[in-house]
Structure formats: structure tokens, C-alpha cells
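Summary of the model geometry
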Amino acid sequence: MTDSHRTDISFITICYNGFKDTCELIESLQEKLYSVTYEIIVVDNASHEDEAAKISRLYPSVIAIRSEVNRGFSGGNNIGIRAARGKYLFFINNDTYIESDAISCLVERLESRPEIGGVSPKIRFAFPPQHIQFAGFTPLSRITLRNHMLGFGCPDDGKYDTPHPTPYLHGAAMMIKREVVEKAGMMPEIFFLYYEELDWSTSMTRVGYELWYEPRCTVFHKESQSTGQLSRLRTYYLTRNRLLYARRNLRGAARLGSVLYQSTVTALKNGLLYALKGRFDLFLAVCRGVNSGLILPSATKETKEQKNEYYEHH
């Protein structure tokens, strides 16, 4: 249900060679949602085919935007932010779907207190037995930058049905108030892939917002395998982006300690394991990731520049 004069929620999703999944997401939203007004924005992140054009023909009410350059997770979502009219922005992976009209529970959580800036729903795996994937995050450890998802792999038996604060939102499904973009900036595009939602969540909490997990709403996630569990792409960006996160968000001794740990202990351990398995491509990806993570500008001024860009579009 959409309204040209008033839009509660802007759903923003990125499509990269994922036409079938994107269509299934769109149809689940259109079939299940009646309690809120909304718009759906699909950003085609330079798919091999013009999937934006195909989506526009199939779903005329959907705002489909074609980017001729793959700008990554953050860049694609920022394109969607610029086009969005909703009071709330819901970033949702294209390989997800909903089964009930419970999105309004997320709005209720956001509006329960002015300090709450963002919320993620319960996320369950789409395939049987549909166990929980996400019920909140633990904080990142100070030096090693490791954490875990609460409820991961557990049955949905009610144990994780209590709302609570979470230090980070989950990139597969997260709703924020529009004002959060104005205060915390747009998504940091330097990451391209992985760690961007952790960095963005950290920016939100740094300017005073609370982030929450709200289990009354559930999103089902097909858990895309498009980058591969042991791919060069995944290995490179995870290695690089841990270093970038540390450089951007830690200070003093913690920053120095984490950068040293990531670039020596972690990199050596992972690199040697890959080499012993004969995966010299992954060994080189670790080396490249460390090099890039250390020499790339950490883009500390990026948030301000992106905020200015946001105001130019609104």
C-alpha cells in the first residue's frame, strides 16, 4: 500500500544479479503489508543485465534505479537513501522475505523513545529448519574485533523473544529514522563489502542513538552465497575492512593494539592456514588486504562529505 502524499517506510534493497530473489522480496512485501504506507526502492548495482528495467516493467509501483557501476553495499544503499521519501528507512537484503504484517512493530520500537535511532528484527534462516540467524549482537572485542550473533543456529522456541539493545544492527534487515542519516551521515562507502553496517552502527551510537533488536517482526534470510565462503573477494575485504574499522573507530592504545594484532597475528595465522591448504590465492588475498587496510586513507572526513551530499538531495 503506497501513498503519494505520505510514506511511512522506504524499503531499500540492492540487486546484483539477483533478479529472482528480488522479485520474491517485492511480492512478499506487496502481499503482506497493509498496516503501513511504504515505497520499495530497488538499486540495480550494475548487474550483468539491466534488472532495474525488468523490475520496472513487472512492478510499475517500484522505484527501480540502475547504477552502471557496482558501488558495493554502502554505495548502493546510499543511492536508495537519496531517492527515499519515507519517514523511516528500511534496508533489507534482496534475498529475504516476510511472512506477516509485523513491520509496524519496528516503527513502534523506534517511536517508543527519541533516543532509539535504529532497530533490526529477528532474522531466521529461510531454509528448514529455519533456525534463528540473528537476535542481536555482542560488542566487538576491543583488540581482536570479534563478536557473535545472539541466537545463531538456535530454534525459534521463544528464548529470543525479548526486545533488547544491541550494539550493532544487522545489514540484512535494519530500519532507521530518517533523522539518523542527518546526524550520523550516510553509509561509509570506503568498505564496499563487509563491516559497513558495524561502522555505521558505531557512528549512530557515537552521536547518541540507541540501537535495538525487536523480535515481534521476523525476516527470513536465504543467506546468499554469492561471494563464497572461501573466496578471494571475501578474504580480501574481511582482512582489509577489520583494519579500516579499527583505524576509523578506535583511539589511542586500543587503536594501535588492534591494528598491530590484525596485521600480524591474525594475518599470519590465516595466511599460513591457507598456504598449508594449497590456497595460495587466499594467502595473497590476505596480504593484499593487510596492505590496503594499512595504506588506504581511513576516510575520517567521509561522513561530513556524505552528509553534505544528502542535504543537496533533500
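From a predicted model like this one, the values you see are computed outputs, not experimental measurements.

Reading the values: the criteria
All chains use their own residue numbering, which begins from 1 and follows the written sequence. Reporting of local features is limited, given that this is a predicted model, to residues whose pLDDT is at least 70; pairs of side-chain atoms are given and counted only at 80 or more, and all residues count toward the totals for whole chains, interfaces and linings. Calculation of side-chain values draws on the structure's entire complement of heavy atoms; hydrogens and water are dropped beforehand. Only runs of H or I of at least four residues qualify as helices and only runs of E of at least two qualify as strands under DSSP, and these elements are numbered from the N terminus. In this scheme, a helix's expected span is set at 1.5 Å multiplied by one less than its residue total. Burial here depends on accessible area, computed with a 1.4 Å probe over protein chains only, as a share of the maximum for the residue type. Under 20% is buried, over 50% is exposed, and the range in between is partly exposed. Disulfides are defined as pairs of cysteine sulfur atoms found within 2.5 Å of each other. UniProt positions are given in the numbering used here, feature names are shortened, and annotations may be inferred rather than shown by experiment. Each salt bridge in this description consists of a side-chain nitrogen of Lys or Arg and a carboxyl oxygen of Asp or Glu lying within 4 Å of one another. Lines are fitted to the C-alpha atoms to define the axes, a helix being fitted only along its stretch in contact, and any angle between axes, read from their N-to-C directions, falls within 0 to 180 degrees. Geometric relationships in this document are graded by angle, where less than 35 degrees denotes roughly parallel, more than 145 denotes roughly antiparallel, 65 to 115 denotes roughly perpendicular, and other angles denote oblique. Here is the rule for handedness: rotate from the far helix to the near one, and if that takes an anticlockwise turn smaller than a right angle the crossing is left-handed, while a clockwise turn gives right-handed. The contact rule is simple, with two residues in contact once any of their heavy atoms fall within 4.5 Å. The classification used treats Ala, Val, Leu, Ile, Met, Phe, Trp, Tyr, Cys and Pro as nonpolar, Asp, Glu, Lys and Arg as charged, and all other residues, Gly among them, as polar.

Our next topic: helix α7 (residues 232-249). Between the first and last C-alpha of α7 there are 26 Å, a value that for 18 residues agrees with the 26 Å anticipated at 1.5 Å per step. For α7, the tally of buried residues reaches 15 of 18 residues, placing the bulk of the element in the interior.

Following the criterion strictly, the structure yields 0 disulfides and no others. Free of any disulfide, Cys105 has its nearest cysteine sulfur in Cys217, 6.8 Å distant.

Right, let's talk about the environment of Arg234 for a bit. With respect to the secondary-structure elements, Arg234 resides in helix α7. In this structure Arg234 comes out as partly exposed when scored by relative accessible area, which is 27%. Spatially, the C-alpha atom of Arg234 lies 19 Å from that of Thr264, the residues being 30 residues apart in sequence.

It is worth spelling out the UniProt feature "domain: Glycosyltransferase 2-like" (unreviewed entry) in the chain at this point. UniProt marks residues 10-182 with the feature "domain: Glycosyltransferase 2-like" (unreviewed entry), using the numbering shown here. The span residues 10-182 is 28% helical and 27% strand by assignment, and the distance between its end C-alpha atoms comes to 16 Å.

In this section: the pattern of salt bridges. Scanning the model with the defined rule gives 19 salt bridges in all. Residue Arg71 is joined to Glu189 by a salt bridge in which the shortest nitrogen-to-oxygen separation is 2.9 Å. One end of the pair, Arg71, is in the loop between β3 (63-67) and α3 (72-83); the other, Glu189, is in the loop between α5 (178-184) and α6 (196-206), and 118 residues separate them in sequence. Under the relative-accessibility criterion, Arg71 is labelled partly exposed at 28%. Classification of Glu189 as partly exposed rests on a relative accessible area of 22%. Taking the shortest distance from any N to any O, the salt bridge between Glu214 and Arg109 comes out at 3.0 Å. With Glu214 in strand β10 (residues 210-221) and Arg109 in helix α4 (residues 103-112), the pair connects residues that are 105 residues apart, well separated along the chain. Given the relative accessible area of 0%, Glu214 is considered buried. Judged by its relative accessible area of 17%, Arg109 falls in the buried class. Taken together, the shared-partner salt bridges connect Lys20, Asp21, Glu24 and Lys222 into one network.

Another aspect to go through is the packing of α7 against helix α8 (residues 252-276). Contact geometry of α7 with α8 gives a least axis separation of 8 Å together with a crossing angle of 165°. Compared by their axis directions, α7 and α8 come out roughly antiparallel. As for how α7 packs across α8, the hand of that crossing is right-handed. Contacts between α7 and α8 involve Thr235, Arg242, Leu243, Ala246 and Arg247 on the former and, on the latter, Arg255, Ser258, Val259, Gln262, Ser263 and Tyr274. Taken together, the residues of the contact of α7 with α8 break down into 4 nonpolar, 4 polar and 3 charged.

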